[in-house]
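# Breakdown of the fold
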Amino acid sequence: DTEVTQTPKHLVMGMTNKKSLKCEQHMGHRAMYWYKQKAKKPPELMFVYSYEKLSINESVPSRFSPECPNSSLLNLHLHALQPEDSALYLCASSQQPGALEQYFGPGTRLTVT
Amino acid sequence: KQEVTQIPAALSVPEGENLVLNCSFTDSAIYNLQWFRQDPGKGLTSLLLIQSSQREQTSGRLNASLDKSSGRSTLYIAASQPGDSATYLCAVSTSGGSNYKLTFGKGTLLTVNP
């Protein structure tokens, strides 16, 4: 199994909703990442988890709350989002934190209404 | 702060042509450079990874080179095909203390016309 999976593929939520994005990998990777990508822009790093611990938070608003319950799973909990948070949310993993190849999932297309 | 620039922003070529995509970065203290492909609305597919100690990597019709000292990388695509049409992103890995992060360029939108 050499892939990163993400669910759901699409999500529409209102500004008062609470929802979660899920990412899973079974490659034994110990670093996992959340990126946000707006249309026609490159991905921007949001969070990095290293050995299930949060190691980088790129000054992301608290309405985004990451969670890494085990080495295979990464969640992104969403609450009280704004329409400008609509984007493609990408999850990635690498064997170890640092200078190694990152593998990306297909993304979740989020629309906030 | 690392900045990554990709030129051209868009490129349209006829099928069968060889082409070169360019990537430059401002901080030469990188750990690796990765080229990705992204189809519209999809995730990123890793094409090639070049470690900082390497000069080039090849995979099929793709060849990527790295000149770390000058802050440049190129992605060469031979005998282009319509299926190569996508956005190509260059990303460099740099250190921030004990952490590492990828910084992406804005990409080159490639269209290969049949």
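Notes on the structure follow. The numbers attached to residues start from 1 for each chain and follow its sequence in the written order. Think of it this way: whatever chain is written first is A, whatever ligand is written first is 1, and the rest follow in order. Only residues with pLDDT of 70 or above have their local features reported here, since the model is predicted, and side-chain atom pairs are shown and tallied only from 80 upward, although totals for entire chains, interfaces and linings are computed over all residues. By convention in this description, side-chain values take in all heavy atoms of the structure and omit both hydrogens and water.

## Details of the pattern of salt bridges
All names here are of chain A. Applied cut-off: Salt bridge, as applied in this entry: a Lys or Arg side-chain nitrogen positioned within 4 Å of an Asp or Glu carboxyl oxygen. Burial classes: relative accessible area under 20% of the type maximum marks a residue as buried, over 50% as exposed, and values in between as partly exposed (1.4 Å probe, protein chains only). Note on conventions: DSSP H or I runs of at least 4 residues are helices, E runs of at least 2 residues are strands, and numbering of each starts at the N terminus.
Per the counting criterion, the structure on display carries seven salt bridges over all chains. Notably, a salt bridge pairs Lys22 with Glu24, separated by 3.9 Å at the nearest N-O pair. For Glu24, a relative accessible area of 22% puts it in the partly exposed group. Between Asp85 and Arg63 there is a salt bridge whose closest N-O contact spans 2.7 Å. Here Asp85 is found in the loop between strand 8 (73-79) and strand 9 (87-94), whereas its partner Arg63 is found in the loop between strand 6 (53-57) and strand 7 (64-70), with 22 residues between them in sequence. Using a relative accessible area of 2% as the deciding quantity, one classes Asp85 as buried. Owing to a relative accessible area of 23%, Arg63 belongs among the partly exposed residues under this scheme. Connected through salt bridges with shared partners, the residues Lys36, Arg63 and Asp85 form a single ionic network.

## Quick word on the packing of aromatic side chains
Aromatic rings considered in pairs are described by the distance between their centres and by the relative angle of their planes. Note the following rule: Only Phe, Tyr and Trp rings take part, Trp by its six-membered ring, and two of them pair if their centres are within 6.5 Å. Stacked means planes under 30 degrees apart, edge-to-face means over 60, and tilted covers everything else.
Using the criterion set out here, one finds seven aromatic pairs over all chains in the structure. Pairing Tyr35 of chain A with Phe104 of chain B gives two aromatic rings, centres 5.9 Å apart and planes at 90°, and the pair type is edge-to-face. In this pair, Tyr35 of chain A sits in strand 4 (residues 31-37) while Phe104 of chain B sits in strand 10 (residues 99-104), so the two residues belong to two different chains. This pair shows no difference in class: Tyr35 of chain A is buried, exactly as Phe104 of chain B is. Between the aromatic rings of Phe64 of chain A and Tyr89 of chain A, the centroid separation amounts to 5.9 Å while the plane-to-plane angle is 35°, which identifies the pairing as tilted. Taken as a pair, Phe64 of chain A in strand 7 and Tyr89 of chain A in strand 9 lie far apart in primary sequence, 25 residues in all. Residue Tyr89 of chain A is classed as buried on the basis of its relative accessible area, which comes to 0%.

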